[in-house]
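Examination of the molecular architecture
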Amino acid sequence: MRTILTGEPITSDEALAWGLTCDVVDDGALLERAIVAARALTTHGPRALELAREAICRADVLCRDDLFERQLYYTTFGTEEKRKGVDEFLASKRSR
């Protein structure tokens, strides 16, 4: 809150410690880290990512919006992404 109200800048280490960022990387490693993150995101279904992003953006002060998250969960029922995800999960359990 201090930073928002006073406009005082914070260090990258402070942002990381406060949970405002996920990673701190050297300047020369930024593009490569961004590419790695983008590749990781492409392994997930686009609709699932869209719904996860919306849930994060709507989270309350306790970092959750239970009713909304439940509605998003039910929204995924019947989608091809959901069926594929469940099938892959079950296949991984069978192969153990």
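Residues numbered from 1 in each chain as written. Predicted model: local features only at pLDDT ≥ 70, side-chain atom pairs only at ≥ 80, totals over all residues. Heavy atoms only, no water.

Under an unreviewed UniProt entry, the protein chain has the name Enoyl-CoA hydratase/isomerase family protein and belongs to Metarhizium album.

**What about the layout of surface pockets?**
The volume enclosed by the largest pocket comes to roughly 280 Å³. With five residues, the top contributor of residues to the lining of the largest pocket is helix α6 (residues 80-94). For the lining of the largest pocket, the residue count by class is one nonpolar, six polar and five charged. (1 Å grid on protein atoms, 1.4 Å probe; cavity = no way out; pocket = protein on both sides within 12 Å on 5 of 7 lines; lining within 4 Å. Points joined across faces, edges and corners; volume = space filled by probe spheres on them. Helix = DSSP H or I, 4+ residues; strand = E, 2+ residues; numbered from the N terminus. Nonpolar A, V, L, I, M, F, W, Y, C, P; charged D, E, K, R; others polar.)

**Examining the environment of Arg33**
Within the secondary structure, Arg33 is located in helix α3 (residues 30-41). In the structure, Arg33 is positioned 10 residues away from Asp23 in sequence and 9.1 Å away in space, judged by C-alpha atoms. Among all residues touching Arg33, those that are not within four sequence positions of it are Asp23 and Val25. (Contact = heavy atoms within 4.5 Å.)

**Remarks on the pattern of salt bridges**
Enumeration according to the criterion identifies four salt bridges in this entry. The salt bridge involving Arg33 is made with Asp23; its shortest N-O contact spans 3.3 Å. In this pair, Arg33 sits in helix α3 while Asp23 sits in the loop between α2 (12-17) and α3, placing the two residues 10 residues apart along the sequence. Under the relative-accessibility criterion, Asp23 is labelled partly exposed at 46%. For Arg83, the salt bridge is made with Glu80, and the minimal N-O distance between the two is 3.4 Å. One end of the pair is Arg83 and the other is Glu80, both in helix α6 and three residues apart, which spans about a single turn. (Salt bridge = Lys/Arg side-chain N within 4 Å of Asp/Glu carboxyl O. Buried < 20%, exposed > 50% of the residue type's maximum accessible area, 1.4 Å probe, protein only.)

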